[in-house]
Structures are given as C-alpha cells and as structure tokens.
Amino acid sequence: MTQAIPVQDLSRLCIHTITTKPWSIEEAVDRYAEAGVKGITVWRDAIEGRNASEMGGRIRNSGLDVVSLCRGGFFPSANQQNRLKAIDDNRQAIELAHSLGAPLIVLVCGADSTQPLGESRKQIREGIETVLPEAEAAGVKLGIEPLHPMYADTRSAVNTLRQANDLCQAIDSEWVGVALDVYHLWWDPDLEAETSRCGDMGKLFAFHVCDWRVPTEDMLLDRGLMGEGCIPVRKIRGWVEESGFSGYNEVEIFSNRFWEMDQAVFLDRIVKAYQENV
Ligand code: ZN
C-alpha cells in the first residue's frame, strides 16, 4: 500500500513579494488572491512610488493579510554617520509599516566586516533599542531574523537562533522577537531546543520557508522550492507549532532560475510545493 502524502491546506500560506519579483505588487496581490494564498509580506522595493496606506487597503480588500514588511535593520557600521543613517532608515520603515498596516518588520540586522562581530552585535542591540519607542508607538513589532553564518561578513552578525533569543531576552520588550527562516537555521543542532525556548518566551513572531539546493550555485539567489533540497521543512514546522506558533508559513525565495520563469507557472508550483512539503 502506498502511503498518502498529507496535504497542507492554504489557510496559513503567505508569500513574500520578492518571491515573484518580476510581478508588480498590484499583479502579485491579484494573482495570490486568485490562487488562494492568504497572506503577503511586502518588500519595501515593491511599494516604491506607491501610497502605502492605499496599498494596505487594496491588499486587505483582496482578502489578503499584510503579514510583515521586509526589511529593516543593517544597524552596524564602524562609521557613526552610517549608524545614524541606519536609525533614520529604520524609523522610515516603521512609518511605512504603520501606513501599510503591517504588524511586523523583519530585521536583517547587518554586519560590518571591518570591525569585530561582537562590536556589530553591540551596535545591533543599540540600534534596536533606539528605534523601539517609535515601533511601540506605531504598534509595529520588530522581528530579528538570524542569518546563515555565510552572511556574517556584511548581512548579519546574528547567526543562530540562540543568539537571537539571547538578544530578545536582553532587550526584554514585548515588541521585539524573532523571524525564524529555515534557510538560515536548518543546520543548527540546537534548532529544536532553541525553537522551543523562543516559543516559551513568546518571541516567535514569523516563520519563513524555502529549501537549500544541493549544490547551491549562488549564495544569495539560488534558494529552492520546498521539497527541492535538503531542509526538513515539515519537521521544522512541527517544532515551530509545538512551540505555540500559529501564524503564517511565509514562502520567501530569491532565485534567478525562478524569476526567469513565467511567474504564473511558478506560483502554481509554489502552491503545490507548499501543500506537499510544508
Ligand atoms: Zn527570511
């Protein structure tokens, strides 16, 4: 007897606008809604030149939830002027999220390879604490996304869920938590334990899925569809749910291969991969 593959329903499927980058946000909203997708995470480039509050209304009218805004962060720099610029930029992101009606900003925290990682981590904490009052006043949460260590040079000095949990604990604000992305964390032997700890602290704010292709041909732009690589996505989703998370499963894929495809065909493949492998 062949075993039936359990099929995931679409009630918690969210897609990041960058996943279907060739589409305008207007087209993405219409197509996602038609396909039965329930949530959208908006990347800032996707709403450039648009009125954010009108776009938020349009998204909700189409039946989608605005799940989060990507992205803020990039706090560290050896240069103080750059650190101040980053604070400004994060304040703008908070305003934008508020106008859009996004309850969460995902933070790619940043790193500066000309200084020690420890210094970058200190500046990340200072940066988050500096913008925290604005985030709180706007009703927008901040989700620290730990990034795979291959990005520790320039993209994030926060590279494990343990570090993100520790940072949340140190900052100790209900407005600061974690965005857990399987692409960045699947390899970590402490992932199950730290996911449970994150949930116990009430800090698990977002869950991002895709897959790790073998071999990966580009460090940034070769993410796979769920089921195409070596990440046990469904198993990790199980840990995430056991920890109390009941939010969206967000499909976030940067891929030159997929961006070259007909995006309608790609969207069908996303939905199928989601049903079978998330
Ligand atoms: Zn992510």
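For the structure, check the block above.
Residues numbered from 1 in each chain as written. Predicted model: local features only at pLDDT ≥ 70, side-chain atom pairs only at ≥ 80, totals over all residues. Heavy atoms only, no water.

## Quick word on the state of the cysteines
In protein chemistry, a disulfide is the covalent bond that joins the sulfur atoms of two cysteines. Inspection of the entire model under this criterion finds zero disulfides. Just so you know, Cys70 is unpaired, no disulfide at all, and the nearest cysteine sulfur is the one on Cys14, 9.1 Å from it. Overall, Cys70 belongs to the buried group, its relative accessible area being 2%. In this structure Cys109 is not part of a disulfide, and its nearest cysteine sulfur, from Cys168, lies 9.2 Å away. (Disulfide = S-S within 2.5 Å. Buried < 20%, exposed > 50% of the residue type's maximum accessible area, 1.4 Å probe, protein only.)

## What to know about helix H3 (residues 80-100)
With 21 residues, H3 ought to run about 30 Å at 1.5 Å a step, and its terminal C-alpha atoms sit 30 Å apart, in line with that. Burial in H3 covers these residues: Ala86, Ile87, Asn90, Ala93, Ile94, Ala97 and Leu100. Each buried residue of H3 lies within a common arc of 150° when the element is viewed along its axis, so the set occupies one face. Turned more than 90 degrees from where H3 packs its buried face, Gln81, Lys85, Gln92, Glu95 and His98 sit exposed. Elements that come into contact with the buried residues of H3 comprise strand E2 (39-43), helix H2 (52-61), strand E3 (65-73), strand E4 (104-108) and helix H4 (117-138). (Helix = DSSP H or I, 4+ residues; strand = E, 2+ residues; numbered from the N terminus. Expected span 1.5 Å × (residues − 1). Arc of directions from axis to C-beta. Contact = heavy atoms within 4.5 Å.)

## Re the coordination of the zinc ion
Taken together, the protein donors to the zinc ion comprise Glu145 (OE), Asp181 (OD), His208 (ND1) and Glu252 (OE), at separations of 2.0 to 2.2 Å. Geometry at the zinc ion is irregular, judged from the four donor atoms that bind it and their angles of 83 to 166° at the metal. Donor residues for the zinc ion sit on one chain with the sequence pattern E-x35-D-x26-H-x43-E. Taken together, the positions of Glu145 in the loop between strand E5 (141-144) and helix H5 (161-171) and Glu252 in the loop between strand E10 (249-251) and helix H9 (256-259) put the pair 107 residues apart, joining distant regions of the chain. Glu252 shares its class with Glu145; the two are buried. (Donors = N, O, S within 2.8 Å, 3.2 Å for Na, K, Ca; no water. Tetrahedral: all angles 85-135°; square planar, octahedral: opposite > 155°, others 65-115°.)

## Digging into H5
Considered for burial, the residues of H5 that qualify are Leu161, Ala164, Asn165, Leu167, Cys168 and Ile171. Mapping the buried residues of H5 onto a view down its axis gives an arc of 160°, with all of them on the same face. Packing partners of the buried residues in H5 comprise H4, E5, strand E6 (176-181), helix H6 (182-185) and helix H7 (191-200). Two residues or fewer after H5 comes Asp172, characterised by a positive phi angle close to 55°.

## Observations concerning the sheet that holds E4
Pairing in this closed barrel of eight strands is parallel, and the strands run E1-E2-E3-E4-E5-E6-E7-E10 around the ring. Each neighbouring strand pair of the sheet contributes to a mean axis angle of 30°, computed without reference to strand direction. Bridge count for E3 against E4 is four bridges, and the pairing is parallel. Directly across from Gly72, in E4, lies its bridge partner Leu107. Its contacts with the sheet put helix H10 (residues 263-277) on strand E1 (13-16) and E10, and the angle it makes with E1 is roughly 140°. (Pairing = 2+ DSSP bridges. Axes fitted to C-alpha atoms, helices over the stretch in contact; angles between N-to-C directions.)

## Considerations on the pairing of strand E7 (residues 204-209)
Counting buried positions over the six residues of E7 gives six, a clear majority of the element. By the bridge criterion, four bridges tie E6 to E7 in an arrangement that is parallel. Bridging across to E7, Ala179 finds its partner in Ala206. Strand direction decides the pairing type here: E7 and E10, joined by three bridges, are parallel. Bridging across to E10, His208 finds its partner in Glu250.

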